[in-house]
Amino acid sequence: MSQLKNIALLVLLLAAAYFGLWTPNEHETTASVESKQDLSQDQIEQAFRNRATDLQLTLEGRVKRVLSDDREGSRHQRFIINVESGRTLLVAHNIDLAPRVKNLKPGDRVQIHGVYEWNEKGGVVHWTHHDPQGRHQGGWIKHQGRTYQ
């Protein structure tokens with residue numbers, strides 16, 4: 001449902017801009033319009049340069065390193081991936097809300113749908129799980145033919 005709201009908002013903004021009723025400023029263009037779209041892998045570098053946050057994206061990469069779980073608060077399975085652009089990203093997958101990605105090891109290819117948050121090391125991707133309250137677009141991780149959400 002929230003995805004439908006996002007699409008409706010985007011259509012309204014585009015219609016308003018087309019008819020001259022609204023002109024986006026620089027911050028609205030980056031934060032409002034781009035966050036409503038999935039980013040392709042070659043746009044990750046731009047998101048990093050712009051210190052983007054709260055960007056829903058779908059990407060593919062190879063596992064570089066599997067880290068220990070984060071056990072503070074909600075538990076998260078953590079691993080680092082390399083994406084096509086050469087950037088590395090930390091993936092924080094909530095294992096209190098979604099199953100652990102099984103048999104994950106360096107070199108494995110993964111597809112991920114989640115939310116990108118900038119940091120100095122490349123960024124973090126989280127929300128790779130369903131939202132039990134239905135207020136946020138669900139994410140997922142695909143690994144070896146299985147989807148974890």
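Each remark here, short or long, concerns the structure printed above.
Please read these numbers as outputs of a predicted model, since none were measured by experiment. (Residues numbered from 1 in each chain as written. Predicted model: local features only at pLDDT ≥ 70, side-chain atom pairs only at ≥ 80, totals over all residues. Heavy atoms only, no water.)

1. Remarks on the overall build of the chain
Put simply, the rule reads: Helix and strand labels come from DSSP, where a helix needs a run of H or I of at least four residues and a strand needs a run of E of at least two; each type is numbered from the N terminus. By definition in these notes, contact holds between two residues if any of their heavy atoms fall within 4.5 Å. Using a 1.4 Å probe, accessible areas were evaluated by the Shrake-Rupley method; residue-level cover was limited to the displayed protein chains.
Check the secondary structure of the chain and you find 3 helices and 7 strands. Ordered by position in the sequence, the α and β elements of the chain form the string α-α-α-β-β-β-β-β-β-β. Considering only residue pairs separated by 6 or more positions, the chain has 54% of its internal contacts joining residues 24 or more positions apart. A total of about 9000 Å² of accessible surface is found on the chain, and carbon and sulfur atoms cover 50% of it.

2. So, the pairing of strand β1 (residues 55-66)
Selection rule: Strand pairing is assigned whenever DSSP detects at least two bridges linking the two strands.
Alignment of β1 against strand β4 (residues 109-117), held across 8 bridges, turns out to be antiparallel. Counted as the bridge partner of L55 is Y116 from β4. Across 5 bridges, β1 lies against strand β2 (residues 76-83) in antiparallel orientation. Bridging across to β2, G61 finds its partner in V83.

3. Structural notes on the nonpolar core
The condition is simple: What we call a nonpolar core is a set of buried Ala, Val, Leu, Ile, Met, Phe, Trp, Tyr and Cys residues that are connected through their side-chain atoms within 4.5 Å. Categorising residues by exposure relies on relative accessible area from a 1.4 Å probe, with only protein chains included: less than 20% of the type maximum marks a residue as buried, more than 50% marks it as exposed, and the intermediate range marks it as partly exposed.
In this structure, L59, F79, I81, L89, V110, I112 and Y116 are the most contacted members of the largest nonpolar core, which totals 21 residues. Of all the secondary-structure elements, those providing two or more residues to this core are α3 (44-49), β1, β2, β3 (88-94) and β4. Broken down by element, this core gets its largest block of residues, 4 residues, from β1. With sequence-adjacent residues up to four places away left out, I112 is seen in contact with L57, T58, L59, F79, I81, V91, V125, T128, W140 and I141.

4. Topic: the pattern of salt bridges
Inclusion rule: Take a side-chain nitrogen of Lys or Arg and a carboxyl oxygen of Asp or Glu: if they are within 4 Å of each other, that pair is a salt bridge.
Within this structure, the stated rule accounts for 6 salt bridges. We note a salt bridge from E60 to R109, for which the minimum N-O separation is 2.9 Å. Of this pair, E60 sits in strand β1 while R109 sits in strand β4, placing them 49 residues apart in sequence. Judged by relative accessible area, E60 falls into the partly exposed class, the value being 25%.

5. Notes on the pairing of β4
Here β4 runs beside strand β6 (residues 140-143); their pairing, made up of 4 bridges, is antiparallel. The partner of Q111 across the bridge, within β6, is K142. Note: β4 against strand β5 (residues 124-126), 3 bridges, orientation antiparallel. Across the sheet, the residue bridging to Y116 is V125, located in β5. Linkage of β4 to β5, two consecutive antiparallel strands, is achieved through a turn of 6 residues, within which G122 is found at a positive phi near 135°.

6. Observations concerning the environment of N50
Take N50: it is sitting in the loop between α3 and β1. Taking C-alpha positions, N50 is 8.5 Å from W118, a pair spaced 68 residues apart along the chain.

7. What about the packing of aromatic side chains?
This is how it is decided: Pairs were defined over the aromatic rings of Phe, Tyr and Trp, the Trp ring being its six-membered one, requiring ring centres within 6.5 Å. Orientation was assigned from the angle between planes: stacked under 30 degrees, edge-to-face over 60, tilted for the rest.
For the structure on display, the rule yields 1 aromatic pair. Aromatic side chains F48 and W118 sit 6.1 Å apart centroid to centroid with 35° between the ring planes, which places their arrangement in the tilted category. Residue F48 is located in helix α3, and its partner W118 is located in the loop between β4 and β5; the two are separated by 70 residues in the primary sequence. On the accessibility criterion, W118 (21% relative accessible area) is partly exposed.

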